Amino acid sequence: MLEGLMIGLETAFSVKNILMVIGGCLIGTFIGMLPGLGPMSIIAIMIPVAISIGDASAALILLAGVYYGAIFGGSTSSILINAPGVASTVATSFDGYPLARQGKAGKALTVAAISSFIGGTVGAILLMIFAPALASVALLFHSAEYFALMVVGLSAIAAFAGSGQIGKAILMTVLGLMLATVGEGALFNMPRFTMGLMDLQSGLGFITLAMAMFALPEAIYLVLDPSRSNTESGNNEIKDLRITKAEARSIAPVVGRQSIQGFLIGVLPGAGATIASFLGYAVERNIASKEDQEQFGKGSLKGLAAPESANNAACTGSFVPLLTLGIPGSGTTAILLGALIALNVSPGPRLMIDEPQIFWAVIISMYLGNLILLVLNLPLIPYIAKILAVPRTFLIPFILFFTLMGAYIGQNNATELLILVGLGVCATILRFADYPLAPLLIGFILGPMLENNFSRSMQLYDGVSFIYERPMTMGLLIFAAILILLPSYRARRARLRAEGVADGD
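Everything numeric here is computed off the predicted structure, so don't read it as measured data.

Reading the values: the criteria
- Residues numbered from 1 in each chain as written.
- Predicted model: local features only at pLDDT ≥ 70, side-chain atom pairs only at ≥ 80, totals over all residues.
- Heavy atoms only, no water.
- Helix = DSSP H or I, 4+ residues; strand = E, 2+ residues; numbered from the N terminus.
- Buried < 20%, exposed > 50% of the residue type's maximum accessible area, 1.4 Å probe, protein only.
- Contact = heavy atoms within 4.5 Å.
- Areas by Shrake-Rupley, 256 points an atom, 1.4 Å probe, with all protein chains shown as cover.
- Core = buried A, V, L, I, M, F, W, Y, C linked by side-chain atoms within 4.5 Å.
- Salt bridge = Lys/Arg side-chain N within 4 Å of Asp/Glu carboxyl O.

For the rest of this paragraph, the subject is the overall build of the chain. Each helix and strand counted, the chain has 25 helices and 2 strands in total. Buried residues in the chain amount to 55% of all 505 residues. Pairs at least 24 residues apart make up 80% of the contacts formed inside the chain by residues separated by at least 6 positions. Looking at the chain as shown, the accessible area adds up to about 20800 Å², and 68% of this sits on carbon and sulfur atoms.

Spelled out as structure tokens, the structure:
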């Protein structure tokens, strides 16, 4: 390993590769800030550029820089305008946007940047040390375990339900699962619930649904309540750019825990940064004290730090199955796998031995890339945060423009704009009725993976016997049940305690 590290250092710190890291980080950060333009789109566009470089190490370093740069920068639109253009930054908006409305946009961006940096750096260290061992662990996961893992992801709904809202959260999750079934299934090439419309053959787009659930209702809210944009954003004054020592101490354990947990989830092929961010948020909310729990969803720094640490660590962890097994862990790493093959590189167990300069150079470049991202983003935070100082008459068209553009670019289909408006109006009504929207999006994101893995498991075991025949599957399902029941148990215990105190008085 030491010999490989020396080769990686020599390769990564060449002038050419340093420029590749900087260029990839810049491009990725800029693309991540724009709703609708995720890392998958820009990496696909840049594959011809990477191939033209000729050097496989430099090409992969460039594309990897774009990938984690986009995840790093994706929190900006989620925090400032409640428009998560990438699935892995949806959870960031739950507390990031409320902080921005309270006039703490600068602080929110600072916490997001530092959490992302630590998550990515911890992920790179763990990748260097444990990559070969974790690759063998990832092979233990089959369809049954992935089905159970998706159920664990869905159990995060309990973290997004307020007191007495668990029923509403389950209802919204079911609605999200139903929306995920629109279009052709992965196992059966038959259109479902398309109402005869060819434009729905490929299903609803994630970007369209995310914008409809968060960005469009926010623009409608600003129109309906003109005082909202001024009173809740601290009179357009950008302040509190720094984190106090007390705040740093409170989020440090969260960042540490979620960096490790996010990396481990990212290692599993098919899991990725989205599940890592949702689970990170859910776990931290469930283990928080009652006082801290009440702040989640209203502007909690812990609620912001958890998904940001987890998704960046998972982004790094997704390179474990890609480089050591040749298995893509997400849609983005699937495109990276295609780029590797186009560059005549064969990812797999022999990559570390046959071409150590590629394997170790990518890992070393991640250290460098995370440092570059932090240096690039921190000085720009006061200027980025001033987006909220834009008058409401300009801010609303700005949000609407990026919402519509993101939905159209995501599917390149004008019908998406009609779907966006229809779903956006429905989402606004649901918000007025006090229904949590996050569970709907969780159900929609995890629905296809849940269905596909459940169907494959049913075929392999000729029924549901895989649930009790595979101990790891049973263990994950029990963990999911605990995540769902724990908040209800805590609420009931607190209610009984309050009634006991009242009787005592």
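Our next topic: the nonpolar core. Of all hydrophobic cores here, the largest spans 144 residues; its most connected members are F206, M213 and F319. If you tally residues by element for this core, the top one is helix α4 (residues 56-73), at 13 residues. Excluding residues that lie within four positions of it along the chain, M213 makes contacts with L423, A427, L437 and L440.

If a residue is not glycine, its phi is most likely negative; likewise, a peptide bond is most likely trans. Positive phi, close to 65°, is recorded for N344, a residue that is not glycine. Within the secondary structure, N344 sits in the loop between α17 (331-342) and α18 (351-354). Its identity is not glycine, yet D462 carries a phi of approximately 55°, on the positive side. Considering the arrangement of structural elements, one finds D462 in the loop between α23 (438-461) and α24 (466-469). Overall, D462 belongs to the exposed group, its relative accessible area being 74%.

The residue T428 is located in helix α22 (residues 415-432) in this model. Judged by its relative accessible area of 6%, T428 is buried. If we ignore the near neighbours within four places in the chain, the residues touching T428 are P217, I220 and Y221.

Under the defined criterion, the tally for this structure stands at 5 salt bridges. The partner of K107 in a salt bridge is E247, with the nearest N and O atoms 2.8 Å apart. On the criterion of sequence distance, the pair formed by K107 in helix α7 (residues 105-138) and E247 in helix α12 (residues 245-267) is long-range, its members being 140 residues apart. Residues K302 and D292 are paired through a salt bridge, measuring 2.9 Å at the closest nitrogen-oxygen approach. Of this pair, K302 sits in helix α15 (residues 301-317) while D292 sits in helix α14 (residues 290-295); the two residues are 10 residues apart in sequence, bridging distant segments of the chain. Overall, D292 belongs to the partly exposed group, its relative accessible area being 26%.

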